[in-house]
Amino acid sequence: MSDSLEQTFDDLTVHIDRERCIGSGNCVKLAEQVFELDDRSLVRFVAVPGRIDRDSLVEACAVCPVDALAVVTQEGQQIVP
């Protein structure tokens with residue numbers, strides 16, 4: 001059973017692969033209005049995500065050391081990792 005989450009922000013869809021997550025928290029540090037760590041130190045979306053600009057969201061996903069975060073455009077182009 002896959003432990004993954006997905007949410008769309010304007011023209012970008014972010015996929016979280018929680019099975020890959022190691023809880024580094026880098027994404028949370030850069031985008032606390034979008035990401036948080038749960039009680040197992042795995043990333044998830046905050047209940048009501050705040051506004052974030054496109055570049056900041058992409059950067060927050062790109063810093064994941066294990067590529068647990070993926071970003072895909074509405075055209076289907078994967079830009080992270």
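See the structure shown above.
In this text, all values refer to a predicted model and were calculated from it rather than measured experimentally.

A. View of the packing of aromatic side chains. For the structure shown, the criterion picks out 2 aromatic pairs. Pairing Phe-35 with Phe-45 gives two aromatic rings, centres 5.8 Å apart and planes at 25°, and the pair type is stacked. Of this pair, Phe-35 sits in strand 3 (residues 35-37) while Phe-45 is found in strand 4 (residues 43-45), placing the two residues 10 residues apart along the sequence. Here the two residues Phe-35 and Phe-45 agree in accessibility, since each one is buried.

B. Here's a closer look at the side chain of Arg-18. Residue placement: Arg-18 occurs in the loop between strand 2 (12-17) and helix 1 (26-30). Within the structure, Arg-18 has its side chain in polar contact with the backbone oxygen of Val-43 (distance 2.9 Å). The contact partners of Arg-18, leaving out residues within four places of it in the chain, are Asp-3, Leu-5, Asp-38, Arg-40, Leu-42, Val-43 and Arg-44.

C. Broad picture of the environment of Ser-56. Mapped onto the elements of the fold, Ser-56 is located in helix 2 (residues 54-62). Taking the C-alpha atoms as reference, Ser-56 lies 12 Å from Asn-26; in sequence the two are 30 residues apart.

D. Here's a closer look at the pairing of strand 2. Bridge analysis of strand 1 (residues 4-9) against strand 2 gives 6 bridges, and the strand direction is antiparallel. Following the sheet pairing, Leu-5 is matched in strand 2 by Ile-16. Count of turn residues in the strand 1/strand 2 antiparallel hairpin: 2 residues, of which Asp-10 carries a positive phi of about 55°. Here strand 2 pairs with strand 5 (residues 69-73) via 5 bridges, running antiparallel. Note on strand 5: the bridge partner recorded for Thr-13 is Val-72.

So, how was this worked out
Residues numbered from 1 in each chain as written. Predicted model: local features only at pLDDT ≥ 70, side-chain atom pairs only at ≥ 80, totals over all residues. Heavy atoms only, no water. Phe/Tyr/Trp six-rings, centres within 6.5 Å; stacked < 30°, edge-to-face > 60°. Helix = DSSP H or I, 4+ residues; strand = E, 2+ residues; numbered from the N terminus. Buried < 20%, exposed > 50% of the residue type's maximum accessible area, 1.4 Å probe, protein only. Polar contact = N/O pair within 3.5 Å; in protein donor to acceptor, adjacent residues only side chain to side chain. Contact = heavy atoms within 4.5 Å. Pairing = 2+ DSSP bridges.

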